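# Commentary on secondary and tertiary structure
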Amino acid sequence: AQKITQTQPGMFVQEKEAVTLDCTYDTSDPSYGLFWYKQPSSGEMIFLIYQGSYDQQNATEGRYSLNFQKARKSANLVISASQLGDSAMYFCAMIDSGTYKYIFGTGTRLKVLA
Amino acid sequence: DAGVIQSPRHEVTEMGQEVTLRCKPISGHDYLFWYRQTMMRGLELLIYFNNNVPIDDSGMPEDRFSAKMPNASFSTLKIQPSEPRDSAVYFCASSPSIRGDTGELFFGEGSRLTVL
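What counts as what
Residues numbered from 1 in each chain as written. Chains lettered and ligands numbered in written order. Predicted model: local features only at pLDDT ≥ 70, side-chain atom pairs only at ≥ 80, totals over all residues. Heavy atoms only, no water. Pairing = 2+ DSSP bridges. Helix = DSSP H or I, 4+ residues; strand = E, 2+ residues; numbered from the N terminus. Axes fitted to C-alpha atoms, helices over the stretch in contact; angles between N-to-C directions. Phe/Tyr/Trp six-rings, centres within 6.5 Å; stacked < 30°, edge-to-face > 60°. Buried < 20%, exposed > 50% of the residue type's maximum accessible area, 1.4 Å probe, protein only. Lys NZ or Arg CZ within 6 Å of the ring centre and 35° of its normal.

## Some details on the sheet that holds strand β7 (residues 65-71) of chain B
Residue and element names in this part refer to chain B. Spatial strand order, β1-β3-β8-β7: four strands in an open sheet with antiparallel pairing. Pairing within the sheet leaves two strands with one partner each, and these edge strands are β1 (5-7) and β7. On average, each strand axis in the sheet is inclined to that of its neighbour by 15°, with strand direction left out of account. As paired elements, β1 and strand β3 (residues 19-24) share three bridges and run antiparallel to each other. Of the residues in β3, the one forming a bridge with Ile5 is Lys24.

## Considering the packing of aromatic side chains
All names here are of chain A. Within this structure, the stated rule accounts for 21 aromatic pairs over all chains. With centroids separated by 6.4 Å and ring planes inclined at 40°, the aromatic side chains of Phe35 and Tyr37 adopt a geometry described as tilted. The residues Phe35 and Tyr37 share a single accessibility class, namely buried. Positioned over the ring face of Tyr64 is Arg63, at 5.8 Å from the centre of the ring.

Here you go:
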């Protein structure tokens, strides 16, 4: 069965510094996708970044990068040069390519300090 | 192009009442997902549909919960009877079926349910 684990309920980071949000996953399917979403206090869900299980290189989108370590089954999100607007809840998610079942972790609340 | 539309945005009801949440997915999206968000459990997948057919409802917590998708443009999540522990934000999300795509989910704004 699929499983996503985010072990950091909350994180603090100083403005302009980098921060890493942890995510580990488990699946028996060799083909899967990994995602990160941001949820600001307003409540909407914002897609940030995607990594396919067969992608050789780590995904990057602007200040976001996904540190994909397949053997360790981890898909950590790295936010570089943190901004005050990055304060939000961050969810790691996974899709099983066979069933298209799309599950989320419990989230990490990030607070960027001025 | 309109996004995923959910209604109502807010619902306050009393224990024992029936609650119906509605969702209109993005046109052309073949997959529709219902999630429940709480502080304790994060985002839980309740049920998802492919081409209007329920694929996996193993996340539906109890028989009090039911979901339907009578056509490609409409889905409902019903709770009958509602209980205070059902209080949560319920999200609907849709996605196209193209495997080569990023698989991004497009979320509605959520329905915040409070059961007194």
